[in-house]
Amino acid sequence: MLWKASLAGAGLLAGAALVSAVTDGIANRTAREAFGAIATGAGRWSADQIIADPWSGRVRVAGAAFRNDELSVHAGSLIFPLGSEAPPAVLVAAARAATNIASAEDVTIETGLATYRIKRLDLSGASLTKAELAQILDPKSAMTTAERLGKFSASAISIPELVAETKFGSVSQKVLYRDISLTDVVNGKISAASAAGASFSMSDSEGGEAKGAYGPMSAKNIDLLLAAKIMTGTRDQIDAPMRPLYESYAVDGFYFSDAKTRFEIDVKSLTGRGVKGRPPRLPWFEAKNGDQSAGGSQKRAALLFADVLDSFDVDEMDADDVRLTTHQGDKPVTLSVAHVGAARLSGDKIAEINFRNMALVADKATIGIADISFQGIDLKNLREAVAKAAPNSPGAAPGASARAAIPSIEEIILKGIQIEIAAKEPEGAGVSFKTERFGLRGSNQKDGLPTRLNVALDHFTCAIGLAEEGAFKDLAAMGYSQLDLSGRIEADFNEPKQELEIGTIALEGANMGTVQVSGLVGNVSKDLLSPNRVVSTAAALGARLRKLDLRIENNGFFEKAIAAQARSQNKSPDELRQSYAAAVALLAPIALENGPAAKAIGAAIAKFVADPKSLRLVATAPAGLGAADLTLLQTPGALLRKLEIEATANQ
């Protein structure tokens, strides 16, 4: 019985070995036939060795390579599950490997623009039939890159290390990404992507070497198909709709350093939300046989700039703790910003860009701004100026005005400005001043300048100190320890009427008073805004002043001035005020040649000096005053005869 059992066992072992050998052979032949069918269909695939393991349901392809006119791929090793075309014995083994795990090692991808190197790639949860794989890999297929990606799905993809190398002219760049992870890839869309970080270096034969790094990165809901269309295709319709490119992204840290220029950037975090895109109007990557001349490159750069603006929308972009460092000689100059944010970037327009807690620190100067806001930004002027500056572009003109390229900004607001400048000498006094708020609002821009303007300055303050000479010495003598000024300008250019209306130019000093001017200027053509200085000067000379309204409101300045003068002359303030009022009443009309207007002006000023509350002078020129009339300042009587004067005080 023992020998029968031994014979039976030997027979079973021999049978198992035979089945294993037959199964291995069938599996190897099936795998080679399957790869051969793909290679035949694709035309340019090759492999050094193909080995199938029926018991694990895997195929290993060594030295896999693919090449066409635009792309080459080489993998030292590919491992993937056997497909449904395998024989029944292999299908049983493949069923045990239901996780559909595949991997690749030592992968190199070369394009005309970059080279990518992947040490290892692991993929799980993917399922492709031989026919689908052949269609994706077939370079003769009419499918676009995006359509090929759309056929692909996987539950997870991980890449421990990816190196991207690019070269543009004399500039070479190398980027190394670490621990890339893609989750739930379905028909070319990625639910979540992340990387532990990245480092990069750039070298230039003339500019030297620069390097930098990114911290952990992540993104959600990425449309890989759309990204491929943007990078490799063009849109069929000019007004094609924007589609979500990715929902959000976050980068935890960024650093850049240029050793030659000693320039550094350090950012704590970068985030963005609501990124949309569409394919460009023109291909972003030019064929090698394209126009490689300097003029051709400039023209293409101008077109690409316009295309980028037209191809993306972003809801929000933010950066925290930004720090830029450069050097002035051997001394560092640092610009830091606690937060930078941009909202609603769409085409040429940006709704808002905001900087919070900005500080510029140099050797002996510090500038701090609590908040800076740019609202209603329109880059149309810049885009058109770049296009016109490009050689061979319609309307190109050498030396195109830089002013015409200034973006249109509806409103600029600066809050909490503080500037401190240290004394040059140890025994000297430094300068320190603050501004609570500065606002500039402009609209109806022409040639880089707004035709409607509103400027406001709130509480520009500066300590007067003990100045030895000049206006500050006089103010200190009057008892002022601090200068506190506010002002505003309102102006509107009406092109159809050719009028410039000066709504107000006002300056107010705390505990001093207010000076306010308004007026109307006629015969103002749009040439006044021309970037050509000769044209704008000629337009200015042709303008005519039709009305000027001056109003002075006293709030303590004249009393302090009289008191200071009285002390210096050993007189009482009342005595000195009466003396000044009498002198003005007598001398002003004489200085103005004693006409009716001169007497009215003299009387109003004398009344104001005697009791300084308010003074108003209104001059109207029915025929207008031009530049040639400035010569009449030497004969004020003749000038006043051209004007209708209204002079009042304390009303």
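Conventions adopted
Residues numbered from 1 in each chain as written. Predicted model: local features only at pLDDT ≥ 70, side-chain atom pairs only at ≥ 80, totals over all residues. Heavy atoms only, no water. Helix = DSSP H or I, 4+ residues; strand = E, 2+ residues; numbered from the N terminus. Buried < 20%, exposed > 50% of the residue type's maximum accessible area, 1.4 Å probe, protein only. Areas by Shrake-Rupley, 256 points an atom, 1.4 Å probe, with all protein chains shown as cover. Pairing = 2+ DSSP bridges. Salt bridge = Lys/Arg side-chain N within 4 Å of Asp/Glu carboxyl O. Phe/Tyr/Trp six-rings, centres within 6.5 Å; stacked < 30°, edge-to-face > 60°. Lys NZ or Arg CZ within 6 Å of the ring centre and 35° of its normal. Core = buried A, V, L, I, M, F, W, Y, C linked by side-chain atoms within 4.5 Å. Contact = heavy atoms within 4.5 Å. Axes fitted to C-alpha atoms, helices over the stretch in contact; angles between N-to-C directions. Parallel < 35°, antiparallel > 145°, perpendicular 65-115°, else oblique. Nonpolar A, V, L, I, M, F, W, Y, C, P; charged D, E, K, R; others polar. Expected span 1.5 Å × (residues − 1). Patch = residues over 30% accessible without salt bridge, like charges linked within 9 Å, V, L, I, M, F, W, Y side chains within 5 Å. pLDDT = per-residue confidence, 0-100.

**Brief notes about the overall build of the protein chain**
Counting its secondary structure elements, the protein chain contains 13 helices and 28 strands. With 651 residues in all, the protein chain has 33% of them scored as buried. Carbon and sulfur atoms form 58% of the exposed surface of the protein chain, whose accessible area is close to 36500 Å².

**Brief notes about the pairing of strand β27 (residues 614-625)**
Alignment of strand β26 (residues 544-554) against β27, held across eight bridges, turns out to be antiparallel. Within the sheet, the bridge partner assigned to L550 lies in β27 and is L617. Sheet topology places β27 next to strand β28 (residues 644-649); six bridges connect them, and they run antiparallel. Bridging from a neighbouring strand, L617 pairs with A647 of β28.

**Looking at the pattern of salt bridges**
Enumeration over the complete set of coordinates arrives at 22 salt bridges. Residue K331 is joined to D363 by a salt bridge in which the shortest nitrogen-to-oxygen separation is 2.9 Å. Highlighted residues: K331 in strand β17 (residues 331-346) and D363 in the loop between β18 (349-361) and β19 (365-378), separated in sequence by 32 residues. Its relative accessible area of 43% is what places K331 among the partly exposed residues. Three or more residues are tied together by salt bridges with common partners; here these are R235, R278, R281, D307 and D310.

**Regarding the packing of aromatic side chains**
Taken as a whole and assessed by the stated rule, the structure comprises nine aromatic pairs. Aromatic pair F557 and F558: ring centres 5.9 Å apart, planes at 90°, arrangement edge-to-face. Plain terms: the ring middles of F558 and F608 are 4.8 Å apart, the flat faces sit at 90° to each other, and that makes the pair edge-to-face. Of this pair, F558 sits in helix α10 (residues 557-569) while F608 sits in helix α12 (residues 596-610), and the two are 50 residues apart along the sequence. F558 sits in the partly exposed class, given a relative accessible area of 31%. Here F608 falls in the buried class, since its relative accessible area comes to 3%. Ring-pair connections join several aromatic residues into one group, and the members of that group are F200, Y214, F254 and F256. The positively charged end of K560 is found above the aromatic ring belonging to Y480, 5.2 Å away from the centroid.

**So, the nonpolar core**
I157 and L182 are the most contacted members of the largest nonpolar core, which totals 46 residues. Ignoring anything within four residues of it in the chain, the contact list for L182 reads S155, A156, I157, I190, A192 and A193. Of all hydrophobic cores here, the second largest spans 16 residues; its members include I552, A598, I601 and L639.

**Points about unusual backbone geometry**
Peptide bonds are, in most cases, trans, and in most cases residues other than glycine have a negative phi. The phi dihedral of N187 is positive, around 50°, even though this residue is not glycine. Tracing the chain through its elements places N187 in the loop between β8 (171-186) and β9 (189-195). The backbone of N594 shows a phi angle near 60°, a positive value even though the residue is not glycine. Residue N594 is classed as partly exposed on the basis of its relative accessible area, which comes to 42%.

**Digging into the environment of N454**
By secondary structure assignment, the location of N454 is in strand β22 (residues 449-463). Distance in space between the C-alpha atoms of N454 and R441 is 5.0 Å, their sequence separation being 13 residues. In contact with N454, other than residues within four places in its own chain, are G439, L440, R441, I489 and E490.

**Some thoughts on the pairing of strand β7 (residues 154-168)**
Direction of pairing for strand β6 (residues 114-124) relative to β7: antiparallel, over a ladder of eight bridges. Pairing of T115 across the sheet is with E165, part of β7. The pairing of β7 with β8 spans 13 bridges and is antiparallel. Residue pairing across strands places I159 opposite I180, the latter belonging to β8.

**A few points about the packing of α10 against helix α11 (residues 573-591)**
At a minimum axis separation of 9 Å, α10 and α11 run at an interaxial angle of 105°. In terms of orientation, α10 lies roughly perpendicular with respect to α11. Contacts between α10 and α11 pair I562, A563, Q565, A566 and Q569 from the former with P573, L576, R577 and Y580 from the latter. For the contact of α10 with α11, the class distribution of residues is six nonpolar, two polar and one charged.

**Some thoughts on α10**
Because an α-helix completes one turn every 3.6 residues, residues spaced three or four positions apart along the sequence face the same direction. When the terminal C-alpha atoms of α10 are compared, their 18 Å separation across 13 residues agrees well with the 18 Å that a helix rising 1.5 Å per residue should span. Along α10, the positions that sit buried rather than exposed are I562, A564 and A566. Residues of α10 that are buried sit in contact with α8 (471-477) and α11. The positive-phi residue at the C-terminal boundary of α10 is N570, with phi of around 55°.

**Overview of a nonpolar patch on the surface**
On the surface, L586, L587 and I590 cluster together to form a nonpolar patch covering roughly 310 Å² of accessible area. Position of L586 among the secondary structure elements: in helix α11. On the basis of relative accessibility, which here comes to 56%, the residue L586 falls in the exposed class.

**Observations regarding the packing of α11 against α12**
With their axes 8 Å apart at the nearest point, α11 and α12 run at an angle of 175° to one another. Taken together, the axes of α11 and α12 are roughly antiparallel relative to one another. Between α11 and α12, the contacting residues are R577, Y580, A581, V584, A585, A588 and P589 on the first element and A598, K599, G602, I605, A606, V609 and A610 on the second. When grouped by side-chain class, the residues that make up the contact of α11 with α12 number 11 nonpolar, one polar and two charged.

**Focus: the environment of D458**
Looking at where D458 falls in the secondary structure, it is placed in strand β22. As for D458 and T435, which are separated by 23 residues in sequence, their C-alpha atoms are 6.6 Å apart. Other than its neighbours up to four places away in sequence, D458 contacts T435, E436, R437, L485 and S486.

**Side note on the confidence of the model for the protein chain**
Chain-level pLDDT for the protein chain is 80 on average; 76% of the residues reach the 70-or-more range. In the predicted structure, residues 84-99 sits below a pLDDT of 50 and forms 24 contacts with residues beyond four places in sequence or in another chain. When the criterion is pLDDT under 50, residues 391-400 qualifies, and its contacts beyond four places in sequence or with other chains add up to 11 contacts.

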